[in-house]
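Residue-level listing of the chains:
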Amino acid sequence: EGNVLTLKDAANRAATDAVVRHSDDATLQAAIDAAVKQQRNLFIPPGHYCLAKGVVVRNGNGVTIQGASAEDVLLDISEGNGTCVSLSGGTEVTLRNLTMRGHMGLEHADQAGYMNTLGGRGLWGFYLKTSGAVAISGTERVLVENCHARRMSQEAFVSGGASRNAKPPRTNTKQTTYLRCSAVDCGRNGFNDWNLGPENTSVLYCRIVDVGGCSWEGASRFMHFIGNYVRNAGTIAMGNLGTANRDDSFAALGAGQHIIADNVFEGNICYGGAAIRAAAGASQVIVRNNLFINFNSSGVDISGR
């Protein structure tokens, strides 16, 4: 009540400088679960919501989760671990008007990146403590609008999951649209489809600034990266198809079909060596009408493996 905290159980020691931390993820998770169960939308009022772990939208069918405004609703996982909002399964989910904050900015790009270990396998630094904005796995149709990632250690916005060719059949992400979103001051990637599962991903009119990994990385099919502004960030990486993320449909359907158009690239390319790159399995790529300003790298690199 007010500034008085009443303990359920007596304290076992006294401290004059104790600081109370609150965590809102359990309350948010309960509200999301109720919204999904009742097939109702969820409104998040203005506030600073501290997350010890991320929340999950499981099997959302026509659910919208909307903040009062991106200026007034902050999901803060800087002292927690995980992705602020994860989508798992379901047919249709909309996320709108949210700002999400993690714990590693551009100055931590090396710590969040790949590190070799002596006598063993290397690892990505962000595995040690993760923070991301939105992760999608198997939700068929997703709209992420006016959502903003700040200081994320791993991919800020990422999609994965099974492909349409999965055996046994599983739901796959058939369409994702990121509209008027941003990734600013982040340790690694801005936007990412990490395997052949997602299809029809569109990054439209977004802002990617001071990002220590790829601005976009993906092997997915039918991707549109259009009308975006990129400054001091990593490459647009089309393809990157290793043996671990191929599936049986690769030979018939290909991978990495991309349209990269009408974007502005400015400043340093701090990761990847070129503003736009197609390689390692990318096919049927269109790069057109992009503007390069005050840049210090290659503009477009089209290669193979």
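Residues numbered from 1 in each chain as written. Predicted model: local features only at pLDDT ≥ 70, side-chain atom pairs only at ≥ 80, totals over all residues. Heavy atoms only, no water.

Here glycine 80 lies in the loop between strand S4 (73-76) and strand S5 (81-101). Once the C-alpha coordinates of glycine 80 and serine 23 are considered, the two residues, 57 residues apart in sequence, prove to be 9.3 Å apart. Ignoring sequence-local partners within four residues, the contact set of glycine 80 consists of Leu51, Ala52, Lys129 and Thr130. (Helix = DSSP H or I, 4+ residues; strand = E, 2+ residues; numbered from the N terminus. Contact = heavy atoms within 4.5 Å.)

Attention shifts here to a nonpolar patch on the surface. A contiguous nonpolar surface patch, about 320 Å² in accessible area, is contributed by Leu5, Leu7 and Val20. If you trace the backbone, valine 20 turns up in the segment before helix H1 (25-38). (Patch = residues over 30% accessible without salt bridge, like charges linked within 9 Å, V, L, I, M, F, W, Y side chains within 5 Å. Areas by Shrake-Rupley, 256 points an atom, 1.4 Å probe, with all protein chains shown as cover. Salt bridge = Lys/Arg side-chain N within 4 Å of Asp/Glu carboxyl O.)

With the rule as written, the count across this model stands at eight aromatic pairs. Ring centres of phenylalanine 126 and tyrosine 127 lie 5.0 Å apart, and the angle between their planes is 80°; on these two criteria the pair is classed as edge-to-face. Taken together, a centroid distance of 5.2 Å and an interplanar angle of 65° make the contact between tyrosine 178 and phenylalanine 191 edge-to-face. Of this pair, tyrosine 178 sits in strand S11 (residues 175-179) while phenylalanine 191 sits in strand S13 (residues 191-193), and the two are 13 residues apart along the sequence. (Phe/Tyr/Trp six-rings, centres within 6.5 Å; stacked < 30°, edge-to-face > 60°.)

With that settled, consider the pattern of salt bridges. Per the stated rule, a full pass over the model turns up 13 salt bridges. The salt bridge involving glutamate 199 is made with arginine 164; its shortest N-O contact spans 2.8 Å. Taken together, the positions of glutamate 199 in the loop between S13 and strand S14 (201-204) and arginine 164 in the loop between strand S10 (157-160) and S11 put the pair 35 residues apart, joining distant regions of the chain. Here arginine 277 makes a salt bridge to aspartate 301, at a shortest N to O gap of 2.8 Å. Within this pair, whereas arginine 277 is found in strand S22 (residues 274-279), its partner aspartate 301 is found in strand S25 (residues 298-302), the two being separated by 24 residues in sequence. Taking the relative accessible area as the measure of exposure, arginine 277 reaches 22% and is therefore partly exposed. (Buried < 20%, exposed > 50% of the residue type's maximum accessible area, 1.4 Å probe, protein only.)

With that out of the way, let us pick up the nonpolar core. Inside soluble globular proteins, nonpolar side chains tend to come together where they are buried. Formed by 54 residues in total, the largest nonpolar core has its most connected members in Leu75, Met100, Phe157, Tyr178, Phe191 and Phe225. For this core, the element with the most residues is S5, which contributes seven residues. (Core = buried A, V, L, I, M, F, W, Y, C linked by side-chain atoms within 4.5 Å.)

Let us now look at the side chain of serine 159. Tracing the chain through its elements places serine 159 in strand S10. Contacts of serine 159, omitting those with residues within four sequence positions, involve Ile136, Thr173, Asn192, Asp193, Trp194 and Pro198.

The next point concerns the pairing of S11. Relative to S11, strand S9 (residues 141-150) runs parallel, the two sharing five bridges. The residue of S11 that forms the bridge with arginine 141 is glutamine 175. Note: S11 against S14, four bridges, orientation parallel. If you follow threonine 177 over to S14, its bridge partner there is serine 202. (Pairing = 2+ DSSP bridges.)

Attention shifts here to unusual backbone geometry. Backbone geometry at asparagine 232 places phi at a positive 50°, although glycine is not the residue there. Checked against the element boundaries, asparagine 232 lands in strand S18 (residues 229-233). Judged by relative accessible area, asparagine 232 falls into the partly exposed class, the value being 22%. Backbone geometry places glutamine 284, a non-glycine residue, at a positive phi of 55°.

Attention now goes to H1. For H1, which comprises 14 residues, the first-to-last C-alpha distance of 20 Å matches the rise-based estimate of 20 Å (1.5 Å per residue) to within 8%. The complete set of buried residues in H1 reads Asp25, Leu28, Gln29, Ile32, Ala35 and Val36. All buried residues of H1 fall inside an arc of 125° around its axis, so they share one side. Residues of H1 that are exposed and point over 90 degrees away from its buried face: Ala26, Thr27 and Lys37. Each element contacted by the buried residues of H1 is listed here: strand S1 (42-44), strand S2 (47-50), strand S3 (53-67) and S4. (Expected span 1.5 Å × (residues − 1). Arc of directions from axis to C-beta.)

Position of alanine 261 relative to the elements: it lies in strand S20 (residues 258-261). The exposure class assigned to alanine 261 is buried, which follows from its relative accessible area of 0%. Setting aside anything within four residues of it in sequence, one finds alanine 261 in contact with Phe225, Ile226, Gly227, Arg288, Asn289 and Asn290.

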